[in-house]
Amino acid sequence: MTIKAVLIDFSGTLFRAEPTASWLRAALDALELELPAAEFEEAVAALAEIGAQPGGVTHPVRVPEHLAGLVAARDVDATRHRAAFTGLAREVPLPDDRLYDLLYDRHMTPDAWRPYPDALPVLAALRERGVPVAVVSNIGWDPRPVFAAHGLDPYVDTYVLSYRHGVTKPDPRLFTAALEALGVAAGDALMVGDDRKADGGAAAVGCTTYFVDHLPADERPDGLRPILDLI
């Protein structure tokens, strides 16, 4: 088998969102607000537990029943995505109502994301070998400014984003769209991701799959490098 193209996930695969504490701290700083240490830690824990940070906790401990439907369909369009995550955040009492939208806006900034240490060298190696790359992501916003700010955008040939297609992985239509954009057959492509259910859907259309662990960036320095041995 010859791999001629790579499809790859965004959050948890190429990039990791900042810790919840720095996410909340940035929003508080924007309004020049301060929380007592104990209240700050309680808020951080509560935001993480409920999964209020996009790209943060992969499996929230709890999702309120009245938000379950919205959260389940959050990645099919930008409006639902914002409503889902600001709705989750509002379940946690914070000192200023403006913080909920500031938290959401913060997560879309390049400063809120850190590429995994091997992301850039692996993408550069793929480009050097002539292997095109498609980012295939369940997401409610455009991550290209994040890629550009961290120097990864020149190594991505196309972005296939769920909110633009109205469907989410593991729906085969996202993977098919990426394959068509790159001009390769499914049997010649490798899908790389951190979610065995969502990203594993690529196997149903005939792609080879490879999975990495959704870990903090400094705990996974070389999780992507093995894919170069598959090319």
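So, a few notes on the structure that sits alongside this text. (Residues numbered from 1 in each chain as written. Predicted model: local features only at pLDDT ≥ 70, side-chain atom pairs only at ≥ 80, totals over all residues. Heavy atoms only, no water.)

1. Notes on the nonpolar core
So, point 1. Among the nonpolar cores identified, the biggest contains 57 residues, and V6, F10, L14, L24, L126 and F147 are the most heavily contacted of them.
So, point 2. In terms of residue count, the dominant contributor to this core is helix α2 (residues 37–50) (six residues).
So, point 3. Every residue in contact with L126, bar those within four places of it in the chain, is listed here: V6, V131, V133, I227, L228 and I231. (Core = buried A, V, L, I, M, F, W, Y, C linked by side-chain atoms within 4.5 Å. Buried < 20%, exposed > 50% of the residue type's maximum accessible area, 1.4 Å probe, protein only. Helix = DSSP H or I, 4+ residues; strand = E, 2+ residues; numbered from the N terminus. Contact = heavy atoms within 4.5 Å.)

2. A word on the environment of L35
So, point 1. Mapping L35 onto the fold places it in the loop between α1 (20–30) and α2.
So, point 2. Between the C-alpha atoms of L35 and P95, which are 60 residues apart in sequence, the distance is 8.2 Å.
So, point 3. Beyond its immediate chain neighbours, meaning those up to four positions away, L35 contacts L28, F40 and P95.

3. Considerations on the packing of helix α4 (residues 78–89) against helix α5 (residues 99–107)
So, point 1. One can describe the packing of α4 onto α5 by two numbers: an axis separation of 9 Å at closest approach and a directional angle of 125°. The angle between α4 and α5 falls in the class oblique. When the axes of α4 and α5 are compared, the crossing they make is right-handed. Contacts from A78, H81, R82, F85, T86 and A89 of α4 reach α5 at Y100, D101, Y104, D105 and H107.
So, point 2. For the contact of α4 with α5, the residue count by class is five nonpolar, three polar and three charged. (Axes fitted to C-alpha atoms, helices over the stretch in contact; angles between N-to-C directions. Parallel < 35°, antiparallel > 145°, perpendicular 65-115°, else oblique. Left-handed = near helix turned anticlockwise from the far one by under 90°. Nonpolar A, V, L, I, M, F, W, Y, C, P; charged D, E, K, R; others polar.)

4. Overview of α2
So, point 1. Compared with an ideal rise of 1.5 Å per residue, which puts 14 residues at 20 Å, α2 spans 20 Å between its outermost C-alpha atoms and is within 8% of the ideal.
So, point 2. The complete set of buried residues in α2 reads F40, A43, V44, A46, L47 and I50.
So, point 3. Here the buried face of α2 lies against α1 and α4.
So, point 4. Positive backbone phi, approximately 75°, marks G51, located one or two places after α2. (Expected span 1.5 Å × (residues − 1).)

5. A look at the sheet that holds strand β5 (residues 158–161)
So, point 1. As summarised here, the arrangement of the five strands in space is β5-β4-β1-β6-β7, forming an open sheet in which the pairing is parallel. A strand with exactly one partner marks an edge of an open sheet, and here the two such strands are β5 and β7 (208–211). Averaged over all pairs of adjacent strands, the angle between their axes in this sheet comes to 20°, without regard to strand direction. (Pairing = 2+ DSSP bridges.)

6. Here's the deal with the pattern of salt bridges
So, point 1. Counted under the stated rule, the structure contains 15 salt bridges.
So, point 2. With its nearest N and O atoms 3.4 Å apart, the salt bridge here joins E34 to R25.
So, point 3. Residue E34 is classed as exposed on the basis of its relative accessible area, which comes to 59%.
So, point 4. The partner of R127 in a salt bridge is D157, and the shortest N-O contact between them spans 3.2 Å. (Salt bridge = Lys/Arg side-chain N within 4 Å of Asp/Glu carboxyl O.)

7. Focus on the pairing of strand β4 (residues 133–137)
So, point 1. Of all the five residues making up β4, five are buried; the element is thus mostly covered by neighbouring parts of the structure.
So, point 2. Side chains V133, V135 and S137 of β4 all project onto a buried face; the interleaved residues A134 and V136 project onto the opposite face, where all are buried too.
So, point 3. Note that β4 and β5 share four bridges and pair parallel. Bridge pairing in β5 places V135 opposite Y159.
So, point 4. The parallel pair β4 and β5 is bridged by helix α7 (residues 144–149), and the resulting crossover is right-handed. (Right-handed = clockwise from strand over helix to strand, strands pointing away.)

8. With respect to the packing of α1 against α2
So, point 1. Look at α1 against α2: their axes get within 9 Å of each other, and the N-to-C directions meet at 115°. Crossing of α1 over α2 shows right-handed handedness. Contacts between α1 and α2 involve T20, A21, W23, L24, R25 and L28 from the first element and F40, A43, V44, L47 and A48 from the second.
So, point 2. Broken down by class, the residue content of the contact of α1 with α2 amounts to nine nonpolar, one polar and one charged.

9. So, helix α6 (residues 119–128)
Residues separated by three or four positions in an α-helix point in the same direction, a consequence of the helix having 3.6 residues per turn.
So, point 1. All of the buried residues along α6 are A119, V122, L123, A125 and L126. Axial view of α6: buried residues confined to an arc of 160°, hence all on one face.
So, point 2. In the core, the buried residues of α6 are packed alongside β1 (5–8), β3 (113–115) and β4.
So, point 3. Two residues or fewer past α6, G130 is found with a positive phi of approximately 80°. (Arc of directions from axis to C-beta.)

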